Amino acid sequence: MEFSFKSCIAIFYGGKKSDCTAMDPYKVLRISRNADGSLTRDAIFPLSPPSSDAAVLCRDLPLDSARRTGIRLFLPLPSLPPAGSKLPVIVYIHGGGFIIFRAASSPFHGLCSRLAAALPAVVLSVDYRLAPEHRLPAAFEDALDALFWLRAHATGASAEGNLPFPLTECADFSRCFLMGDSAGATIAFHAALRAAAIQDSLAPLSIAGLVLDQPYFGGIERTDSEERLKNGKILSLAENDLMWELALPEGVDRDHEYSNPFKNEEKLFAGLRDFPPCLVRGHTGDPLLDRQKEFARLLQRRGVIVVTSLESDGCHGVELIDPSKEAEAVAEAKKFICGDGGAEAPPSAPIESQTL
């Protein structure tokens, strides 16, 4: 199936009724439950091969063979920057409610390729384990594995494998950014919490910041935006509740710490200092907008430098189907990561905090 804006609009909008509460969320998400508790997933987007082009070199690499996880690596061409300068590193984590999509799914492959070329940056897209076969915190652990994979390359402890040259020749491991959209942003946040608790073990790798695009949080009590936008075109509350049901550990509810940081703030941040600066993005048509705003406030309470972009029009996941919104996300990520001067901007360039 050819990936196009038009075909995706048909997928997401054409099949949905105005009242999503009357729809079967399994059918909307194109999944079915098997007798053993696993899912059969019908592809919403086609998978893209790890193809390279004139702008970006792409490779698929193993992460943990026992867990069957991997990394899709994107290197901008020419991959070797001018002498004396190296590229920032982005660990990218795709969305999909923890239960669907892959690093190779066309929208995420395309986004990572364009990120690598536009910043430019070394981009690692994590192909993590999906729920319910592997419930949370499995995806958090896989994202942390990707950071240790980078550390091994930074220290020369890992063979380069299918790479044309050592990553140490092009990557600035002191400027590593975790980036994700939707559930991927939530995974990035929890991986960053784990990394902050063991940051000495990751040296010389350093997490310089987080780009959290429409972070995906939940809770038992509904917010105003959830009630107002409960029939969201891409994310309705029925789909939202099902994804949390399938992703969270069995026997817990949406107020669990993996879903609801607001009821677990002290536990999540206990003993942590110097949490990395964060860019938090969201859209006015997203039912999760109120949670994203409160999340930004939570980070500010903990002394985190926060930049917000929460007033853009659009629905949850709109970047997957609207190229102009993807371009907006890439531009804001570039400004946060590189500053106005691009990849050659000094790593210490200040990031202004924005009051919500």
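Residues numbered from 1 in each chain as written. Predicted model: local features only at pLDDT ≥ 70, side-chain atom pairs only at ≥ 80, totals over all residues. Heavy atoms only, no water.

Named according to an unreviewed UniProt entry, the chain is Alpha/beta hydrolase fold-3 domain-containing protein originating from Zingiber officinale.

Novice: Describe the pairing of strand β9 (residues 278-283), naming the residues involved and giving the relevant values.
Specialist: With 6 of 6 residues buried, β9 is to be regarded as a mostly interior element. Alternating positions in β9 separate into two faces, Cys278, Val280 and Gly282 on one and Leu279, Arg281 and His283 on the other, with burial throughout. Looking at chain direction, strand β8 (residues 207-213) and β9 are connected through 4 bridges and run parallel. Within β9, the position partnered with Leu210 by the bridge is Cys278. Pairing geometry for β9 and strand β10 (residues 306-312), over 5 bridges, is parallel. From the neighbouring strand, Cys278 faces β10, where its bridge partner is Val306. (Buried < 20%, exposed > 50% of the residue type's maximum accessible area, 1.4 Å probe, protein only. Helix = DSSP H or I, 4+ residues; strand = E, 2+ residues; numbered from the N terminus. Pairing = 2+ DSSP bridges.)

Novice: Describe the packing of helix α4 (residues 138-155) against helix α5 (residues 183-197), and please don't skip the residues or the numbers.
Specialist: Contact geometry for α4 and α5: axes closest at 8 Å, N-to-C directions at 60°. For the element pair α4 / α5, the angle class is oblique. Of the two possible hands of crossing, α4 and α5 adopt the one that is right-handed. Contact with α4, carried on its side by Ala139, Phe140, Ala143, Leu144 and Leu147, involves Thr186, Ile187, His190, Ala191, Arg194 and Ala195 of α5 and no other residues of that element. Looking at the contact of α4 with α5 residue by residue, the class counts come to 8 nonpolar, 2 polar and 1 charged. (Axes fitted to C-alpha atoms, helices over the stretch in contact; angles between N-to-C directions. Parallel < 35°, antiparallel > 145°, perpendicular 65-115°, else oblique. Left-handed = near helix turned anticlockwise from the far one by under 90°. Contact = heavy atoms within 4.5 Å. Nonpolar A, V, L, I, M, F, W, Y, C, P; charged D, E, K, R; others polar.)

Novice: Account for the nonpolar core, naming residues and giving values.
Specialist: Leu147, Leu150, Leu178, Phe275 and Leu299 are the most contacted members of the largest nonpolar core, which has 111 residues in total. Apart from residues no more than four positions distant in its own chain, Leu178 is found in contact with Val91, Ile93, Leu147, Ala188, Ala191, Ala192, Ile207, Gly209, Leu210 and Val211. (Core = buried A, V, L, I, M, F, W, Y, C linked by side-chain atoms within 4.5 Å.)

Novice: Go over empty space enclosed by the protein with me, naming the residues and quoting the values.
Specialist: Under the defined criterion, the tally for this structure stands at 2 cavities of 30 Å³ or more. Size it by volume and the largest cavity reaches roughly 100 Å³. In terms of lining residues, the largest cavity is bounded by Tyr92, Pro107, Phe108, Leu111, Asp181, Asp213, Gln214, Gly317, Glu319, Leu320, Glu326 and Ala329. Of all the elements in the fold, those that place two or more residues in the lining of the largest cavity are α3 (106-118) and α11 (323-338). In terms of residue count, α3 provides more of the lining of the largest cavity than any other element does, 3 residues in total. Partitioned by chemical class, the residues of the lining of the largest cavity number 6 nonpolar, 2 polar and 4 charged. (1 Å grid on protein atoms, 1.4 Å probe; cavity = no way out; pocket = protein on both sides within 12 Å on 5 of 7 lines; lining within 4 Å. Points joined across faces, edges and corners; volume = space filled by probe spheres on them.)

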